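Analysis of the macromolecular model
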Amino acid sequence: MNQLLDQARPRALSLLPGVWSPTPVTMRRWALATVAVNVGIVVTGAVVRVTGSGLGCPTWPRCTADSFVPVAHADISPLNMAVEFGNRLLSFVVLIVGLACLISAMRLRPRRRDLVTLAWIQPVGVAAQALWGGLVVRTMLNPVTVSVHFLLSIGMLAAAVVFLARSQEGNAAPEPLVHPAIRTLGLALVPSVALLLVAGVVVTGTGPHSGDEAASRFAFDIETVARIHADVVYVVVGLTFALLFALHVTRAPVAAKRAALTLLGVELAQGIIGYVQYFLALPAFLVGLHVFGSTLVWICTLRVVFTLRSRGAFGTEALASP
């Protein structure tokens, strides 16, 4: 039996290349995959909502009262059930990729404690999201629980982006690459965009796409919350333009200029989608596209911050503390 296990182990481990014998390159690939799957689950969550599939699986952890997988149900559309169940299955993909990142970080030599800590966020986050998802179903898609569900995903996406960025740099003390005032401007973008995401969540919780006809809505005026959301957009775009201008009139790194320009471009595209969906009465496709755009804005914002300082090349330090 032991000989059979010894023979089977290498084959099983070969299914996860770069996990048990990780290199910086393979770990970065897993990190990039983690970002991708976190974006994917946010977008599919939006698809669940705009297709009215939020209660396609009306119970939790089972899909129906008698089954963990979709079965014919007189009161639920098979399509809605498939959409909701598909979103649940994607959680396992996020978990598997997150575990691959964690194992890679733990087995990397020399080990980086900061990478291990960041990698732990993914499996822990999936577990928290699964439990919170059960609460979302049991509260009949209450807008508060749905909003927190989305924001938790945004937090996991941020951790994935930071893990990816840190896996591409060393662990030395940060060295500013721009004037301190410019770096402060860049850092100010992070809470500003976070506030923008929260405002967008409030608009979504007030609007028509609740995920199910039985779901409740925030008791806000949709015009008012949409205007507040737009005001925050103006602030974010203004900060981004100011950062881009400051980078171009100083000797800032090319990478920082490109990152800021990319962020501005994504923000403008997102703004166009937002206005079009508003004037077209929130068509489902554009709502989903807007959610995808929000993840890109978040990713690009975090990316800008990392281009404003340097921590050396990956592997140039030994076991420096994070």
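Cut-off values and rules
- Residues numbered from 1 in each chain as written.
- Predicted model: local features only at pLDDT ≥ 70, side-chain atom pairs only at ≥ 80, totals over all residues.
- Heavy atoms only, no water.
- Helix = DSSP H or I, 4+ residues; strand = E, 2+ residues; numbered from the N terminus.
- Rg over C-alpha atoms; globule rule 2.2 N^0.38 Å.
- Buried < 20%, exposed > 50% of the residue type's maximum accessible area, 1.4 Å probe, protein only.
- Contact = heavy atoms within 4.5 Å.
- Areas by Shrake-Rupley, 256 points an atom, 1.4 Å probe, with all protein chains shown as cover.
- Lys, Arg positive; Asp, Glu negative; His and termini not counted.
- Charge placed at Lys NZ, Arg CZ, Asp CG, Glu CD.
- Disulfide = S-S within 2.5 Å.

This part covers the overall build of the protein chain. Secondary structure summary: the protein chain contains 9 helices and 2 strands in total. For the protein chain, the α and β elements follow one another from N to C terminus as α-α-α-α-α-β-α-α-α-α-β. Rg of the C-alpha trace for the protein chain: 22 Å, near the compact-globule value of 20 Å for 322 residues, within the 12% margin. Seen along its three principal axes, the alpha-carbon backbone of the protein chain occupies a region of about 65 × 60 × 25 Å. Scored against the burial criterion, the 322 residues of the protein chain give a buried share of 44%. Counting only contacts in the protein chain whose residues sit at least 6 apart along the sequence, the fraction spanning at least 24 positions is 76%. Within the structure as shown, the protein chain displays about 16,400 Å² of accessible surface, and the carbon and sulfur contribution to it stands at 70%. A distance of 15 Å separates the average location of the 23 positive side-chain charges in the protein chain from that of its 14 negative side-chain charges.

Turning our eyes to something else, we now look at the state of the cysteines. Inspection of every chain in the model, using the stated rule, returns 1 disulfide. Residue pairing for C57: its cysteine sulfur links by disulfide to C63, the two sulfurs lying 2.1 Å apart. Disulfide C57 to C63: torsion about the S-S bond roughly -75 degrees, handedness left-handed. Each member of the pair, C57 together with C63, is buried.

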